[in-house]
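Summary of structural features
For reference, the chains in residue letters:
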Amino acid sequence: MDDGFSVKFIARIHSDFQTKFGIPRQSGLVEELESRVIFEPEYRNPDALRGIEGFSHLWLIWQFSGAVRSAWSPTVRPPRLGGNARMGVFATRSPFRPNPIGLSCVKLLEVEEDRELGMVLRVAGADLMDGTPILDIKPYLPYVDAHPEAKGGFAPAAPERRLTVDCPAEFLEVLPEESRSALLGVLAEDPRPAYQDDRSRVYGFGFAGTEVKFCVDGQRLTVLSVTKN
């Protein structure tokens, strides 16, 4: 019996994140983030999406394209635990897995028809870097996919790390209008690694065609600059 099988990328997501830094730690944490799922030419048959508009949320199955490795480790250091404690890789959502596959739940905003790209899915809340390959899409079914009584292990609830964000209006004006509230949401979630708390350090990441730089003092994040790339 073959111990592997080949998969094809059916689509790629187009988001505001140019690098891994700054991406929310889980899908749905920043609902203001909008992305577009653009199908590969082979999968642009509109019949493949027939009925999808009846679902409010979707599961995206995707490849951790920025974390592909030839080897794997049975334990990893989750950022949620400060990067100091090791847990089993299958007890975490670490990208460093035997098979670098991710799973995200997103809100379906609209099914668009583009003359050149075919049917495009506009979604909200995705935690994917721009260009990430999508392996499959499945509808979210509330009656089986939602378990309010479920236990969360070492991550029982969303981390209480929302920050107060100081960002001058002129900085936001550098961004496309549809990406401004999303940036504020991303910053409020504190994009720094969980184990870093250096008041003097300046952080930066690419977002919506700009470079955003900021620093954090306690519970207050100050945006220092937003410049076009």
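In the block above lies the structure referred to throughout.
The rules behind these values
Residues numbered from 1 in each chain as written. Predicted model: local features only at pLDDT ≥ 70, side-chain atom pairs only at ≥ 80, totals over all residues. Heavy atoms only, no water. Helix = DSSP H or I, 4+ residues; strand = E, 2+ residues; numbered from the N terminus. Rg over C-alpha atoms; globule rule 2.2 N^0.38 Å. Buried < 20%, exposed > 50% of the residue type's maximum accessible area, 1.4 Å probe, protein only. Contact = heavy atoms within 4.5 Å. Areas by Shrake-Rupley, 256 points an atom, 1.4 Å probe, with all protein chains shown as cover. Lys, Arg positive; Asp, Glu negative; His and termini not counted. Charge placed at Lys NZ, Arg CZ, Asp CG, Glu CD. Core = buried A, V, L, I, M, F, W, Y, C linked by side-chain atoms within 4.5 Å. Pairing = 2+ DSSP bridges. Axes fitted to C-alpha atoms, helices over the stretch in contact; angles between N-to-C directions. Salt bridge = Lys/Arg side-chain N within 4 Å of Asp/Glu carboxyl O.

1. Considering the overall build of the protein chain
When helices and strands are tallied, the protein chain shows 3 helices and 12 strands. At 19 Å, the protein chain has a C-alpha radius of gyration in line with the 17 Å of a compact globule built from 229 residues. The principal-axis extent of the C-alpha atoms belonging to the protein chain is close to 55 × 45 × 35 Å. Within the protein chain, the fraction of its 229 residues that count as buried is 37%. Considering only residue pairs separated by 6 or more positions, the protein chain has 69% of its internal contacts joining residues 24 or more positions apart. Accessible surface computed for the protein chain: about 13700 Å², of which carbon and sulfur atoms make up 51%. Here the protein chain holds 27 positive side-chain charges and 32 negative ones, and the gap between their average locations is 7 Å.

2. A closer look at the nonpolar core
Membership of the largest hydrophobic core comes to 24 residues, with the highest contact counts inside it found for Leu183, Phe205, Phe207 and Val223. It is helix α3 (residues 180–188) that provides the largest number of residues to this core, a total of 4 residues. The residues touching Val223, leaving out its near neighbours within four places in the chain, are Val165, Asp166, Cys167, Pro168, Phe171, Leu187, Val212, Lys213 and Phe214. Grouped together as the second largest cluster of nonpolar side chains are 20 residues, Ile10, Leu49, Val106 and Ile134 included.

3. Examining the sheet that holds strand β3 (residues 57–63)
Strands sit in the order β1-β2-β7-β6-β3-β8 around a closed barrel of 6 strands; the barrel is antiparallel. Pairwise comparison of adjacent strand axes, ignoring direction, gives a mean angle of 45° for this sheet. Relative to strand β8 (residues 133–139), strand β1 (residues 11–14) is paired through 2 bridges, and the arrangement is antiparallel. Bridging across to β8, Arg12 finds its partner in Pro133.

4. Considering α3
All of the buried residues along α3 are Ala182, Leu183, Gly185, Val186, Leu187 and Ala188. Packing partners of the buried residues in α3 comprise β9 (164–166), α2 (169–172), β10 (203–207), β11 (210–217) and β12 (220–228). Two residues or fewer past α3, Asp190 is found with a positive phi of approximately 65°.

5. Focus: the pairing of β10
Side-chain direction in a regular strand flips from residue to residue, so the side chains alternate between the two faces of the sheet. Across the 5 residues of β10, 4 count as buried, placing the element largely inside the fold. Sheet analysis places β10 next to β11, joined by 5 bridges and oriented antiparallel. Within β11, the position partnered with Tyr203 by the bridge is Phe214. The hairpin formed by β10 and β11 contains 2 residues between the paired strands, and Ala208 there has a positive phi angle of roughly 50°.

6. Quick look at the pattern of salt bridges
According to the stated counting rule, one finds 11 salt bridges in the structure shown. Two residues, Arg162 and Glu189, come together in a salt bridge whose shortest N-O distance is 2.5 Å. Of this pair, Arg162 sits in the loop between α1 (142–145) and β9 while Glu189 sits in the loop between α3 and β10, placing them 27 residues apart in sequence. The class of Glu189 is buried, set by a relative accessible area of 14%. For Arg192, the salt bridge is made with Asp190, and the minimal N-O distance between the two is 2.8 Å. By relative accessible area, Asp190 is classed as buried at 2%. It is possible to trace a salt-bridge network through shared partners that takes in Glu34, Arg36, Glu110, Glu112 and Arg122.

7. A look at the sheet that holds β11
Strands sit in the order β9-β12-β11-β10 across an open sheet of 4 strands; the sheet is mixed. Two strands in the sheet have a free side with no partner beyond their single neighbour: β9 and β10. Across the sheet, the axes of successive neighbouring strands diverge by a mean angle of 30°, strand direction being ignored. Along the sheet, α3 makes contact with β9, β10, β11 and β12, crossing β10 at roughly 145°.

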